[in-house]
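# Descriptive structure summary
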Amino acid sequence: MPLYELSLTLRTLSRPELIASLKRSAETILQQGGVLRQFVSLGTNPLPFKMKAHNVWHREGTYFVMKFDAPSSAIENLNDEFKRDIDLIRSHVVRCEEPVKHECTLEEEMKPPAYRKDVQQLIEEGRKVIRHKFKQNTPGFDFYPFQK
């Protein structure tokens, strides 16, 4: 199962209502066969602009981020459930890609430029002489049009 990240924007609620709403969201994920990995609260902040959800205008919201594993077929159902929840202003599910492993090349980078392999390759490419031959009939005519 791939790893997903769900960002939730909830309307301003009292603490018990907020907990109930988050439990509903988490239970929805669990019912679809998902596994919760991480749950982060980003706090209550003003929204970047007025947002209308369920015929009500909102200026402030509570932000949460959930990381979870779920089958890819369940994401459509999750989005549908989240759209119907009256406490949610916005929700967005994003698939998280596994980070790419990079080799540490600090020892190579600490060498003087003349001793680095990549710099030596650039020097060799610069030493190659590339000569372009002038072709008389470059415009595609049988004659040279600029000759008097």
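This text goes with the structure placed above it.
Residues numbered from 1 in each chain as written. Predicted model: local features only at pLDDT ≥ 70, side-chain atom pairs only at ≥ 80, totals over all residues. Heavy atoms only, no water.

The subject of this paragraph is the nonpolar core. Formed by 17 residues in total, the largest nonpolar core has its most connected members in Leu 6, Leu 8, Leu 10, Leu 22, Ile 29 and Phe 68. Secondary structure elements with two or more residues in this core: strand S1 (3–11), helix H1 (15–31), strand S3 (56–69), helix H2 (74–84) and strand S4 (88–95). By residue number, the principal contributor to this core is S1, which donates 4 residues. One finds Leu 47, Met 51, Tyr 63 and Ile 89 within the second-largest nonpolar core, a separate group that totals 5 residues. (Core = buried A, V, L, I, M, F, W, Y, C linked by side-chain atoms within 4.5 Å. Buried < 20%, exposed > 50% of the residue type's maximum accessible area, 1.4 Å probe, protein only. Helix = DSSP H or I, 4+ residues; strand = E, 2+ residues; numbered from the N terminus.)

If you walk through the whole model with that rule in mind, you get 2 aromatic pairs. Aromatic pair Phe 39 and Phe 64: ring centres 5.8 Å apart, planes at 45 degrees, arrangement tilted. Of this pair, Phe 39 sits in strand S2 (residues 35–53) while Phe 64 sits in strand S3, and the two are 25 residues apart along the sequence. Judged by its relative accessible area of 41%, Phe 39 falls in the partly exposed class. A cation over an aromatic ring shows up here: Lys 50 above the ring of Trp 57, its NZ or CZ 5.1 Å from the ring centre. (Phe/Tyr/Trp six-rings, centres within 6.5 Å; stacked < 30°, edge-to-face > 60°. Lys NZ or Arg CZ within 6 Å of the ring centre and 35° of its normal.)

Taken in spatial order, the 4 strands of this open sheet run S2-S3-S1-S4, and their pairing is antiparallel. Every other strand in the sheet has two partners, leaving S2 and S4 as the edge strands with one partner each. Direction aside, the axes of adjacent strands within the sheet are offset by 20 degrees on average. Summarising the sheet, S1 and S4 pair through 7 bridges and their orientation is antiparallel. Each residue of the ladder has a partner; that of Thr 9, found in S4, is Arg 90. Relative to the sheet, H1 contacts S1, S2, S3 and S4, its axis offset from that of S3 by approximately 40 degrees. Seen against the sheet, H2 touches S1, S3 and S4 and runs at an angle of roughly 165 degrees to S4. (Pairing = 2+ DSSP bridges. Axes fitted to C-alpha atoms, helices over the stretch in contact; angles between N-to-C directions. Contact = heavy atoms within 4.5 Å.)

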